Amino acid sequence: MRALSSTVYAITLLLHRSAPIIAFSPSLHHKFYKSSPPTRFTHQRSRLDFSSDVSNDVQKPIDDFIASTLESLEAGTFEGFSLKGPPAPRKRKRKGGQTESDKQAIEERREKLRGKYKQITGRLVLLEARKKRKRTKSDSELYLQTTIKYHLATDVAKNWKVSVQGKENSEVASPREGRNEVELGLRQIFQAGEDGGNLSEWGAHNMDRLDIIGGQLVTSCGTYELQLQPKHKAIFKPTKKNGKGGAKTQAGESNLSHDRKKRAPLSPSSPFFQALGISNSDGKPTKGMASKLRQCQRFVEIVANLVDASPTTPSSVRVVDFGCGRGYLTFSLHSHLVAKFESMDVQTQGLDRRPKLIAEINGIARSLGDEYDGLNFIEGTIGETNVQFLDGNVLPGTSEGALKIVICLHACDTATDDALWFAICHNADLI
């Protein structure tokens, strides 16, 4: 038996020298040895253990992030968190364009990112209580809603219960009873790829424990930064202190609604929308005008972005709308520009060939008050219009620093070409 033990020990040492990654089997040690294996061999195994110093350096900031999130939920100071994964590859500008090898390299990098975390955000929401036969408006549950976005995969939303707001308690209760659910959910995010938690539909494809490279925790007390890469610089630290003094964030102070209101450049209940028959006093579109309301909002959003990006610092604004029709877009853009440039002279002119229509919309503009004094509609064609409008020789107070905008939507026949030529000849800033 002693000879057999010596033989096995010799084979083990031989394997250890030729392939250091092979660890000593505990079951083999228990079967053939009464004493511990050599110290040198045991040390080699500890270096291969996953719980290395570098891993501990990363794990501590993760634990601090989770602990701080839970503490802010209990204190009522939590506002939100965000985590980010590896960024998607971007095309690099090169003279002569990208080569086929460049395109192939980008596609390969994108494929390697498939299923990895892209961005994770968390916020508090109030949802209706579950499993209750008789529900009332006051019965609701507070959840930490976490949205997980992956590279080249379907987004996933998870709701982790924090606390309950019921009939007998009108304020948000202490979330201690929901601590375990939130903590478990957060730890599963950081452990994706190990226990199968929070994987995309691609499963463990390309997933790694440290897909998250950093993040941020926002509370009413301050902002905290999480940095996980490079690993030797992993840290969780405060970066900004808020002036609220750590006051609790009550349910009424923050938006806990599950449905968020879409931001729009114009109020749907604006007086001109009502006068034109697009919406009512509640801001709801009238029958058959919902698409027109969306079109006006989107059109103003596009032009507003171009105005913000314009290098011109205007002293006044001049707008011409060729083929304005009933003036839906003309009214919308004028209203936005007047609100944006409050102390500036904004003049807008709409042009159309139909005299009855021009008289009608001019009457609407005059009925809306002083804000629309700078909005006028004239009858005529592009070639016959007052070309001096953009040059500033007709309107009083016009200076050389005017921002000139020419718009023309759905113009018939050659009207679009005529409008473009007009804008070029008069040095329009935006077309």
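Quick note: structure is the one above.
What comes next is a walk through the structure. The structure presented is a predicted model; accordingly, all values stated were derived computationally and were not measured.

Cut-offs applied
- Residues numbered from 1 in each chain as written.
- Predicted model: local features only at pLDDT ≥ 70, side-chain atom pairs only at ≥ 80, totals over all residues.
- Heavy atoms only, no water.
- Pairing = 2+ DSSP bridges.
- Helix = DSSP H or I, 4+ residues; strand = E, 2+ residues; numbered from the N terminus.
- Axes fitted to C-alpha atoms, helices over the stretch in contact; angles between N-to-C directions.
- Contact = heavy atoms within 4.5 Å.
- Parallel < 35°, antiparallel > 145°, perpendicular 65-115°, else oblique.
- Left-handed = near helix turned anticlockwise from the far one by under 90°.

### Overview of the sheet that holds strand β8 (residues 316-322)
Adjacent strands of a sheet form backbone hydrogen bonds with each other and so pair up, either parallel or antiparallel. On the basis of which strands lie adjacent, the open sheet formed by 4 strands has the order β10-β9-β8-β11 and parallel pairing. Each edge of the open sheet carries a strand with a single partner, namely β10 (375-379) and β11 (402-407). Within the sheet, the average angular offset between the axes of one strand and its neighbour, ignoring direction, is 15 degrees. Along the sheet, helix α9 (residues 328-340) makes contact with β8, β9 (345-352), β10 and β11, crossing β9 at roughly 175 degrees. Contacts from helix α10 (residues 355-367) reach β9 and β10 within the one sheet, and its direction differs from that of β10 by about 170 degrees.

### A few points about the pairing of strand β5 (residues 214-219)
In this structure, strand β1 (residues 78-84) lies alongside β5, joined through 6 bridges in antiparallel fashion. When the sheet's bridge partners are listed, K84 is paired in β5 with G214. Alignment of β5 against strand β6 (residues 222-227), held across 5 bridges, turns out to be antiparallel. Looking across to β6, one finds that V218 is bridged to T223. What sits between the antiparallel neighbours β5 and β6 is a turn of 2 residues.

### Remarks on the packing of helix α8 (residues 290-309) against α9
Between α8 and α9, whose axes approach to 9 Å, the crossing angle comes to 45 degrees. Between α8 and α9, the interaxial angle falls into the category oblique. The chirality of how α8 crosses α9 is right-handed. Where α8 approaches α9, its residues K292, Q295, C296, F299, V300, V303, A304, V307 and D308 are matched on the opposing element by Y328, L329, S332, L333, H336, L337 and K340.

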